[in-house]
Amino acid sequence: MKNFYFLIILLVSENLFAQFGSIKGKVTDNSNLPLLGANIIIEGTLIGVATDENGFFNIPKIKNGNYFLTASIVGFTKFKSEQIFVNNNTFEINIKLTPTSYQFDQLIISANKFGQDLREISSSSYILDSKIFAEKNYQKVDDAFRYVPGITMTQDQISIRGSSGYSRGAGTRVLVAIDGIPVYTPDTGEIIWELIPVNEIERIEILKGSSSSLYGSSAIGGIINIITNKISTNPLTLIKLEGGIYSSPSHDEWKWTNKTLSFNRQSISHSRSIGNLNLSASLSRFEDLSYRKNDDQIRYSAFLKADYNFSENTSLSFWGTGYTREKSTFIYWKDLQNALVPADADLGQAVNSDRTIVGLKFNHIYDENLSISFVPSAYISFWKDQSESSNKSSSQLYRNELRINYKFSDAINLVSGVEHQYNKVGSTIFGNRTSNSFGIFFQLDFKLFERLNLSTGLRYDNSKLENLENENSLSPKLGLNYKIDDNTFVRASFGKGFRTPSLAEAFTSTTTSSVTVKPNPNLNSETSLSFETGINTNIFDPINLDLAIFNNEYYEMIEPSFDSFGDIIFKNLTRARIQGFEIVSSTKLFSENLSLKFGYNYLWAIDIENNEFLKYRPKNSIIGGIDFKKDFFESGIDFRYLSRVEKIDNEFVDLGLAPDGDKRVEIFVIDARVGVNLFQINLPGRIFFSISNLLNYNYVELIGNLAPVRNFSLSTEIIF
């Protein structure tokens with residue numbers, strides 16, 4: 001820690017001798033009327049201000065260098081300046097914004113492997129802005145998904161529109177990628193959220209519904225593509241310090257220590273250019289004493305990103321992220337009277353893990369119509385626990401993708417490519433296993449009559465899991481989007497999805513905390529047919545409303561279940577149907593000072609063969625949020641509601657593995673925050689105070705696991 005703080009002092013001292021300039025100007029509309037509240041941002045940084053009542057702005061203390069400036073406000077087209085050169089001077093600029101009828105015209109989604117306007121795609125989508133991670137003190141990226149309509153988190157397992165229940169870390173039906181590269185583990189096939197550095201996120205794109213036609217297996221329920229920050233061409237350093245404490249539990253019998261339980265995080269990141277080489281790196285340390293006994297952890301993380309431009313048409317990009325962590329073991333509570341204490345068998349146990357993933361992208365633009373990308377990546381994972389079985393696993397995943405983008409005209413775009421993936425695992429749980437998969441795909445998007453966008457795609461996959469038989473799959477997709485007028489778009493899509501079982505689902509053989517899991521090498525791939533239709537409209541500008549109806553049919557769905565001996569085994573259990581509808585609305589009022597959002601999702605998730613509800617899927621979920629900002633002051637409240645889940649794994653209760661595990665309620669959580677954006681008063685930083693679970697409401701997402709009690713946190717960001 002001493003070295004960490006010494007590094008901070010050294011960087012701050014260096015900054016004292018830097019040379020500075022400033023940028024100031026005025027923002028007006030077409031009639032030269034000043035625009036109040038326009039957001040002025042230096043691209044590639046978090047530095048920005050808002051215009052005053054006369055449309056003026058001033059950004060002082062900018063290091064000498066070259067910059068691009070963006071200006072945006074609801075109802076106007078986003079502006080990007082030419083390159084601005086600051087050299088101990090004050091650069092002045094007048095910006096004129098053009099009115100637009102729709103506030104989201106500038107949002108581009110790239111999860112379809114090429115840039116598209118958000119409203120012109122054929123399936124439901126949602127974008128999370130990086131601001132939420134600066135303001136809400138989230139420790140992990142998945143904390144933000146609990147406030148996205150249609151997404152449910154069961155502890156760390158994600159589900160989009162009921163695609164998943166809870167499979168104890170084995171497999172995922174939502175493909176999560178960083179800059180387009182999937183990041184599920186080589187052995188268990190799960191998402192390790194701690195690997196994703198929250199300070200390096202520019203935005204998160206979410207596509208709902210099956211996307212196997214482009215991404216293959218694991219995208220059966222949807223895609224989450226995490227876009228990392230662009231590297232600043234000028235030296236830029238961000239330091240973020242955060243600390244917090246947990247409230248006492250609401251029942252005295254749950255209090256297991258008299259100590260104040262706390263958490264803290266320190267991170268530092270720096271980016272700059274050296275000739276044609278652009279570099280960005282960050283280090284962070286996180287320590288959590290936890291509100292639960294034997295649930296503490298300490299984690300050290302690193303992230304590195306680099307871009308090198310060989311020429312105007314040829315570039316190479318690299319990113320890598322990794323961590324080393326020691327985390328104590330808390331699987332289920334001892335019983336309801338000891339809800340924050342684990343079973344006696346888990347006391348004193350921990351899991352050590354080291355995980356790293358790196359990705360490259362070599363991109364060459366032949367001409368304005370044709371570009372080719374080669375994208376290799378590697379995921380290296382190791383972990384071991386201290387259970388009675390002394391489980392450990394060492395695994396590697398190597399993936400290569402060759403992607404071709406060809407633009408026939410402004411109206412026709414083709415994305416095509418091939419992908420190969422190889423997994424190798426050596427484990428006391430899964431044995432020594434390998435798997436191979438190969439895929440070839442294309443997607444053709446074309447615009448007809450300036451109003452109709454058609455999208456059609458097809459992917460062929462061949463996969464082989466260890467010594468099991470080859471499996472082949474064809475995944476077609478058809479979608480359309482019709483622009484009724486400037487304010488209203490309708491869409492529809494149909495697609496087939498598939499998912500091959502992970503090595504963990506097929507070959508796990510272990511006993512942990514008195515729970516035995518058996519292998520099932522006879523597992524087959526599961527498939528789905530998905531359909532949705534929706535409409536996006538501005539009913540009362542600037543209120544935006546999105547409605548969607550969806551129906552997903554699952555065949556041979558893989559679910560964990562108990563056999564006659566009381567052991568867990570993964571089986572092709574279910575012919576399932578998941579139907580529902582979704583309402584999402586947002587608006588910004590009073591010159592963007594007040595923002596409101598609302599989302600409702602209704603789910604009817606049925607096991608058709610057994611005529612019962614699927615496990616861990618709430619029928620009703622609601623999210624809402626209010627944000628207010630004025631000058632340098634910002635505040636907000638978020639709430640979420642999930643109805644009590646219909647069905648859980650009651651066997652854990654009946655067999656005595658999780659006493660009182662059937663105790664569950666509906667979920668109702670309120671979070672609140674308040675802070676100051678010091679950029680507004682010419683200081684390079686932000687300070688935010690946040691309260692999570694304001695009402696200290698007691699609930700579970702997974703049986704025998706009480707969700708976090710109320711906690712308070714304070715974060716400080718300094719940028720220079």
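Residues numbered from 1 in each chain as written. Predicted model: local features only at pLDDT ≥ 70, side-chain atom pairs only at ≥ 80, totals over all residues. Heavy atoms only, no water.

The subject of this paragraph is the overall build of the protein chain. Secondary structure summary: the protein chain contains 6 helices and 47 strands in total. Computed over the C-alpha atoms, the radius of gyration of the protein chain is 25 Å, within 12% of the 27 Å expected from 2.2 N^0.38 for a compact globule of 720 residues. The long-range share in the protein chain, meaning contacts at least 24 apart out of those at least 6 apart in sequence, stands at 63%. Carbon and sulfur atoms form 56% of the exposed surface of the protein chain, whose accessible area is close to 29900 Å². (Helix = DSSP H or I, 4+ residues; strand = E, 2+ residues; numbered from the N terminus. Rg over C-alpha atoms; globule rule 2.2 N^0.38 Å. Contact = heavy atoms within 4.5 Å. Areas by Shrake-Rupley, 256 points an atom, 1.4 Å probe, with all protein chains shown as cover.)

Bringing unusual backbone geometry into the picture now. We note that Glu-556 has phi near 55°; this positive angle belongs to a residue other than glycine. With respect to the helices and strands, Glu-556 occurs in strand 37 (residues 543-562). On the basis of relative accessibility, which here comes to 38%, the residue Glu-556 falls in the partly exposed class. (Buried < 20%, exposed > 50% of the residue type's maximum accessible area, 1.4 Å probe, protein only.)

Turning our eyes to something else, we now look at the sheet that holds strand 2 (residues 39-42). Read across the open sheet, the 4 strands follow the order 3-2-6-7; overall the sheet is antiparallel. Bordering the open sheet on either side are strand 3 (48-50) and strand 7 (79-80), each of which pairs with just one other strand. With 3 bridges joining them, strand 2 and strand 3 adopt antiparallel strand pairing. Its bridge partner being in strand 3, Ile-41 is matched across the sheet by Gly-48. (Pairing = 2+ DSSP bridges.)

Take the sheet that holds strand 4 (residues 56-63) next. One open sheet accounts for 3 strands, arranged 4-1-9; its pairing is mixed. Of all the strands in the sheet, just strand 4 and strand 9 (90-96) have a single pairing partner and so form its edges. Strand-to-strand, the axes of this sheet are offset by a mean angle of 20°, without reference to chain direction. By the bridge criterion, 6 bridges tie strand 1 (residues 20-28) to strand 4 in an arrangement that is antiparallel. (Axes fitted to C-alpha atoms, helices over the stretch in contact; angles between N-to-C directions.)

Right, let's talk about empty space enclosed by the protein for a bit. Under the counting rule described, the total for this entry stands at 10 cavities of 30 Å³ or more. Empty space within the second largest cavity amounts to approximately 290 Å³. Lining the second largest cavity are 29 residues, and of these Thr-152, Met-153, Pro-618, Leu-642 and Ile-667 sit closest to its centre. A per-element tally of the lining of the second largest cavity places strand 13 (residues 151-154) first, with 4 residues. Per-class residue counts for the lining of the second largest cavity are 17 nonpolar, 7 polar and 5 charged. (1 Å grid on protein atoms, 1.4 Å probe; cavity = no way out; pocket = protein on both sides within 12 Å on 5 of 7 lines; lining within 4 Å. Points joined across faces, edges and corners; volume = space filled by probe spheres on them. Nonpolar A, V, L, I, M, F, W, Y, C, P; charged D, E, K, R; others polar.)

Attention now goes to a nonpolar patch on the surface. On the surface, a cluster of nonpolar side chains totalling about 710 Å² of accessible area is made up of Phe-628, Phe-632, Phe-633, Val-674, Ile-681, Leu-683, Ile-687, Phe-689 and Leu-714. For Ile-687, the position within the fold is in strand 44 (residues 685-692). The exposure class assigned to Ile-687 is partly exposed, which follows from its relative accessible area of 32%. (Patch = residues over 30% accessible without salt bridge, like charges linked within 9 Å, V, L, I, M, F, W, Y side chains within 5 Å. Salt bridge = Lys/Arg side-chain N within 4 Å of Asp/Glu carboxyl O.)

This part covers the environment of Ala-144. Within the secondary structure, Ala-144 is located in helix 3 (residues 142-145). The class of Ala-144 is buried, set by a relative accessible area of 2%. Sequence separation of Ala-144 and Ser-416 is 272 residues, and the distance between their C-alpha atoms is 32 Å. Excluding anything up to four places from it in sequence, Ala-144 contacts Leu-128, Ile-132, Phe-133 and Tyr-138.

When pLDDT is averaged along the protein chain, the result is 87, and 93% of the positions lie at 70 or above. pLDDT under 50 marks residues 1-17. Its contacts with residues more than four places away, or in other chains, come to 17 contacts. (pLDDT = per-residue confidence, 0-100.)

In this section: the nonpolar core. Counting residues in each nonpolar core, the largest one holds 54 residues, and the members touching the most others are Phe-145, Ile-204, Ile-206 and Ile-224. Those residues in contact with Ile-224 that sit more than four places away from it in its chain are Phe-145, Ile-151, Ile-158, Val-174, Leu-175, Val-176, Ala-177, Ile-204, Glu-205 and Ile-206. Counting residues in hydrophobic clusters, the runner-up holds 28 residues, among them Tyr-332, Trp-383, Ile-429 and Phe-562. (Core = buried A, V, L, I, M, F, W, Y, C linked by side-chain atoms within 4.5 Å.)

A few words on the pairing of strand 27 (residues 370-385). Note: strand 26 (residues 350-365) against strand 27, 13 bridges, orientation antiparallel. Bridge pairing in strand 27 places His-364 opposite Ile-372. Taken together, strand 26 and the strand that follows it, strand 27, pair antiparallel across an intervening segment of 4 residues.

Turning our eyes to something else, we now look at the side chain of Asp-445. As for its position among the elements, Asp-445 is in strand 30 (residues 431-448). One buried charged residue, Asp-445, remains without a salt bridge, the closest side chain of opposite sign being Lys-477 at 6.3 Å. A polar side-chain atom of Asp-445 sits 3.1 Å from a polar atom in the side chain of Gln-443. Within polar-contact distance, the side chain of Asp-445 engages the side chain of Ser-455 at 3.0 Å. (Lys, Arg positive; Asp, Glu negative; His and termini not counted. Polar contact = N/O pair within 3.5 Å; in protein donor to acceptor, adjacent residues only side chain to side chain.)

A few words now on the pattern of salt bridges. This structure, assessed with the given rule, holds 45 salt bridges. Glu-194 is paired through a salt bridge with Arg-325; the nearest N and O atoms lie 2.9 Å apart. Residue Glu-194 is found in the loop between strand 16 (181-182) and strand 17 (201-208), and its partner Arg-325 is found in strand 23 (residues 314-328); the two are separated by 131 residues along the sequence. Arg-325 carries the same exposure label as Glu-194, and that label is buried. A salt bridge links Arg-673 to Asp-627, with the nearest nitrogen and oxygen atoms 2.0 Å apart. A residue pair is termed long-range when its members are at least 10 positions apart, and Arg-673 in strand 43 (residues 667-677) and Asp-627 in strand 41 (residues 620-630) qualify at 46 residues. On the basis of relative accessibility, which here comes to 23%, the residue Asp-627 falls in the partly exposed class.

A word on the packing of aromatic side chains. As enumerated under the stated definition, the model contains 14 aromatic pairs in all. Ring geometry for Phe-562 against Phe-652: centres 5.0 Å apart, planes inclined by 80°, an arrangement best described as edge-to-face. Placement of Phe-562 in strand 37 and of Phe-652 in helix 6 (residues 651-654) is noted, with a sequence separation of 90 residues between them. Take Phe-562 and Phe-652: they sit in the same class, and that class is buried. Plain terms: the ring middles of Phe-689 and Phe-712 are 6.4 Å apart, the flat faces sit at 15° to each other, and that makes the pair stacked. Note that Phe-689 is positioned in strand 44 and Phe-712 in strand 47 (residues 711-719), a separation of 23 residues in sequence. A residue is classified by how much of its surface remains accessible, and Phe-689, at 33% relative accessible area, is partly exposed. (Phe/Tyr/Trp six-rings, centres within 6.5 Å; stacked < 30°, edge-to-face > 60°.)

Attention shifts here to the side chain of Asn-481. With respect to the helices and strands, the residue Asn-481 is situated in strand 32 (residues 471-485). Judged by relative accessible area, Asn-481 falls into the buried class, the value being 2%. Among the polar contacts listed, one links the side chain of Asn-481 to the backbone oxygen of Ile-121, at a separation of 2.7 Å.

Within the secondary structure, Gly-348 sits in the loop between strand 25 (338-342) and strand 26. The exposed category is assigned to Gly-348, whose relative accessible area is 62%. Note: C-alpha distance between Gly-348 and Arg-119 (229 residues apart in sequence) is 52 Å.

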